[in-house]
Amino acid sequence: MKNYLWLVISLFSLLLYPAMAFGHATVTSSNPSPNEAMDTLPEKISIQFSENIQPAFHSLEVFSQDGQKVPVQKSAISEQSEKILEAKWKGTVDEGVYYIKWRVVSSDGHPIKGTIPFQLGDSASLSDQDNSNVNAGFPSSINVFLQGLQYISFAALAGILFFRLSLTKDYRLFQASGRARLYLWISYVGLAFAIFSSLPLKVTIDAGVGWTDAFNGTYIKEILNGTNFGTIWIIQILMLILLYLALYFMLDNPLNKSLPFLSLIMTVFLMLGKALTGHTAAVPNHVLAVLMDFLHILSMALWLGGLMALLVILPGLAGRQGVQEDKKIFYWTIIQRFSRWAFAFVIVLIVSGIYSSLQHVPTIHSLFHTTYGQLLLAKVGLMSVMTVLGAWHFFKGKKQTNKLGYSAGIELGLGIAALLVAALLTNVQTAMSSPGPFEKTIKTEENNKVTLMVTPNEVGDNRIQVELANGGEPITDIEQLTITMQPADSQGGGEIKLQLQAKTKGTFTSKSLLTSPGKWNIHVHGLTESLDSINADFTIFIGNS
């Protein structure tokens, strides 16, 4: 038992050390480029993103400085790459300032939009603007309610089926319980309602329309045919129908052992569909990320759902035992079985949660200073208290003194709160948007120390500072210091070269406009008066706030 506790504590502590990874789709390049002044227009407008974009609900429009719409052909995903959105011009375009307004649905199912200003000719002046803005608004109450209902229903349904298969061995006793039957069907209805409602909800999000248009046939058809969500939703509806039949015949055939198992398997597959439509779609190792997210959802559902079943179903089943001593033995035997399973669920939950958080939280700064990071900390806090209560219930079960009581209700309430926080996490922008100021020191083979600082480390104007030292003293004989910055996935484009100016001895600074978020490679090259070279390579992650 002590080994379990130490393992749980150690795994939780790892959450405080997230690594660098990718997030939502972001603009990596465009033609015209942001704030570009050009003499002639390109053959077509093209915008390249950091990940594939979905074929539904994308748009690309051009407006003049006075708001007049410039005719362009309908936007399309390029045949060369699913990361590129493009549109051809219609007719001629006069000199002036123009704004390209784009909107796409990224591979993780979240709509993003932005504006790219550019200038044609010399007849007007162009002021700098940010080229990309992720739509990072806080999810609506309806969205959170439906997501939360789906998570809670998953937990309730999986928990009672797990209770039926693994905790209680008397199947007839379970079948005879009217409370168990009612609980089972309420869980199913809640899950079916949440999944059915997710389609019109997705329409409002992806199409950017209100609920009055959520059932528009054209929008629904585009969702079903043009998004990953649509395909998964259709499969989930078919699974719901099969699950209904399995539950119905299970309750009519108490001795049939395959139907409860089949019902649980179908519930688990419905959870897999949920894992396929979240933030995990945007991370590099998609298969492993989906697997970890699925295990996270499953372990949380079985832990919380099993606890629900203990509180709702177990007292009634124990009351059916004829002898008082038998009631007590039955009651605590079930609780002890669940406690052993619960510790396994907690370990899987923590390991998968750590992995998932590493994909979306790049730095300690972003953990504490973004909405996503703060919600993640809240979820970790709730689960920590749940784990402590679960351990206490385990020891209480060994003593077999009183029933679980209010503390189990508190554990359940904390679990439901954690599921609601998870519903929020699914819909807010990840912490990749604001990694915070960057600072790192590299020691070269010549024992020189090169320190790079980028502030605020976001798209737009940034202050670049490099400090050079050897043996604790600043290097003073630098003839020239340059840095070369390039987006990691730009395939040779978007390179920025800067020559830094000396600020103090061994310290050099400059300002630079970073045009796209994501991973950047930075090479620092210094040349001394004696023509010795100082070289260091850094990899940083630029935010998009």
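See the structure above.
1. Focus on the pairing of strand E8 (residues 96-105)
Right, so step 1: The element E8 is largely enclosed, with a buried count of 9 among its 10 residues.
Right, so step 2: Pairing between E8 and strand E9 (residues 111-120): 10 bridges, direction antiparallel. Bridge pairing in E9 places valine 97 opposite glutamine 119.
Right, so step 3: Hairpin connection, E8 to E9: the antiparallel pair is bridged by 5 residues, and glycine 109 has positive phi, about 90 degrees.

2. A look at the nonpolar core
Nonpolar side chains in soluble globular proteins generally cluster together in the buried interior.
Right, so step 1: Grouped together as the largest cluster of nonpolar side chains are 95 residues, with contacts concentrated most on Phe163 and Trp303.
Right, so step 2: Contacts of tryptophan 303, omitting those with residues within four sequence positions, involve Phe338, Ala342, Phe345, Val346, Leu349, Met383, Met386, Thr387 and Glu411.
Right, so step 3: Judged by nonpolar contacts, the second largest core, of 26 residues, contains Val454, Ile496, Phe508 and Ile534.

3. Structural notes on the sheet that holds strand E19 (residues 533-542)
Right, so step 1: Reading across from one edge, E15-E14-E18-E19 is the order of the 4 strands in this open sheet, with antiparallel pairing throughout. At either margin of the open sheet sits one strand with a lone partner, and together these are strand E15 (496-499) and E19. Shown here is a sheet whose adjacent strand axes are inclined to one another by a mean of 20 degrees, direction ignored.
Right, so step 2: By the bridge criterion, 4 bridges tie strand E14 (residues 478-487) to E15 in an arrangement that is antiparallel. Counterpart to threonine 484 in the pairing with E15 is lysine 497.

4. Quick word on the packing of helix H4 (residues 178-206) against helix H5 (residues 217-226)
Right, so step 1: As a packed pair, H4 and H5 sit with axes 10 Å apart at the nearest point and diverge in direction by 95 degrees. Comparing their axes, H5 and H4 come out roughly perpendicular. Side by side, H4 and H5 meet where Leu199, Lys202, Val203 and Asp206 of the first sit next to Tyr219, Ile220, Ile223 and Leu224 of the second.
Right, so step 2: Each residue belonging to the contact of H4 with H5 can be placed in one class, and the counts come to 6 nonpolar, no polar and 2 charged.

5. A short note on the side chain of glutamine 465
Right, so step 1: Among the structural elements, glutamine 465 can be located in strand E12 (residues 460-470).
Right, so step 2: Within polar-contact distance, the side chain of glutamine 465 engages the side chain of arginine 463 at 2.6 Å.
Right, so step 3: With near-sequence residues (within four places) excluded, glutamine 465 lies in contact with Thr451, Leu452, Met453, Lys503, Thr507, Phe508 and Thr509.

6. Side note on the packing of aromatic side chains
Right, so step 1: A complete count under the given rule lists 13 aromatic pairs for this structure.
Right, so step 2: Ring plane angle 50 degrees and centroid distance 6.1 Å describe the contact between phenylalanine 57 and tyrosine 219, whose orientation is recorded as tilted. With phenylalanine 57 in the loop between strand E3 (44-49) and strand E4 (59-64) and tyrosine 219 in helix H5, this pair connects stretches of sequence that are 162 residues apart.
Right, so step 3: Taking 5.8 Å as the distance between ring centres and 25 degrees as the angle between the ring planes, the aromatic pair formed by tyrosine 98 and phenylalanine 118 counts as stacked. With tyrosine 98 in strand E8 and phenylalanine 118 in strand E9, the pair connects residues that are 20 residues apart, well separated along the chain.
Right, so step 4: A residue is classified by how much of its surface remains accessible, and phenylalanine 118, at 0% relative accessible area, is buried.
Right, so step 5: Feature note: the residues Trp185, Tyr188, Tyr244, Tyr248 and Phe249 constitute an aromatic cluster, connected by ring pairs.

7. Structural notes on the pattern of salt bridges
Right, so step 1: Applying the stated criterion across every chain yields a total of 3 salt bridges.
Right, so step 2: With a closest N to O distance of 3.3 Å, glutamate 86 and lysine 44 form a salt bridge. Linking glutamate 86 in strand E7 (residues 84-88) with lysine 44 in strand E3, this pair joins segments that are 42 residues apart in sequence.
Right, so step 3: For glutamate 86, a relative accessible area of 15% gives the class buried.
Right, so step 4: You can call lysine 44 partly exposed: its relative accessible area is 28%.
Right, so step 5: Here aspartate 206 ties to lysine 202 by a salt bridge, and the two come within 3.5 Å at their closest N and O atoms. In this pair, aspartate 206 and lysine 202 are both assigned in helix H4, 4 residues apart and thus about one turn of the helix distant.

8. Remarks on the sheet that holds E9
Right, so step 1: If you trace the 5 strands from one edge of the open sheet to the other, you get E2-E9-E8-E4-E5, paired in mixed fashion. Edge strands, defined here as strands with exactly one partner in the open sheet, are strand E2 (36-38) and strand E5 (69-70).
Right, so step 2: Relative to E9, E2 runs parallel, the two sharing 3 bridges. Residue pairing across strands places glutamate 36 opposite phenylalanine 118, the latter belonging to E9.

Quick notes on the rules
- Residues numbered from 1 in each chain as written.
- Predicted model: local features only at pLDDT ≥ 70, side-chain atom pairs only at ≥ 80, totals over all residues.
- Heavy atoms only, no water.
- Buried < 20%, exposed > 50% of the residue type's maximum accessible area, 1.4 Å probe, protein only.
- Helix = DSSP H or I, 4+ residues; strand = E, 2+ residues; numbered from the N terminus.
- Pairing = 2+ DSSP bridges.
- Core = buried A, V, L, I, M, F, W, Y, C linked by side-chain atoms within 4.5 Å.
- Contact = heavy atoms within 4.5 Å.
- Axes fitted to C-alpha atoms, helices over the stretch in contact; angles between N-to-C directions.
- Parallel < 35°, antiparallel > 145°, perpendicular 65-115°, else oblique.
- Nonpolar A, V, L, I, M, F, W, Y, C, P; charged D, E, K, R; others polar.
- Polar contact = N/O pair within 3.5 Å; in protein donor to acceptor, adjacent residues only side chain to side chain.
- Phe/Tyr/Trp six-rings, centres within 6.5 Å; stacked < 30°, edge-to-face > 60°.
- Salt bridge = Lys/Arg side-chain N within 4 Å of Asp/Glu carboxyl O.

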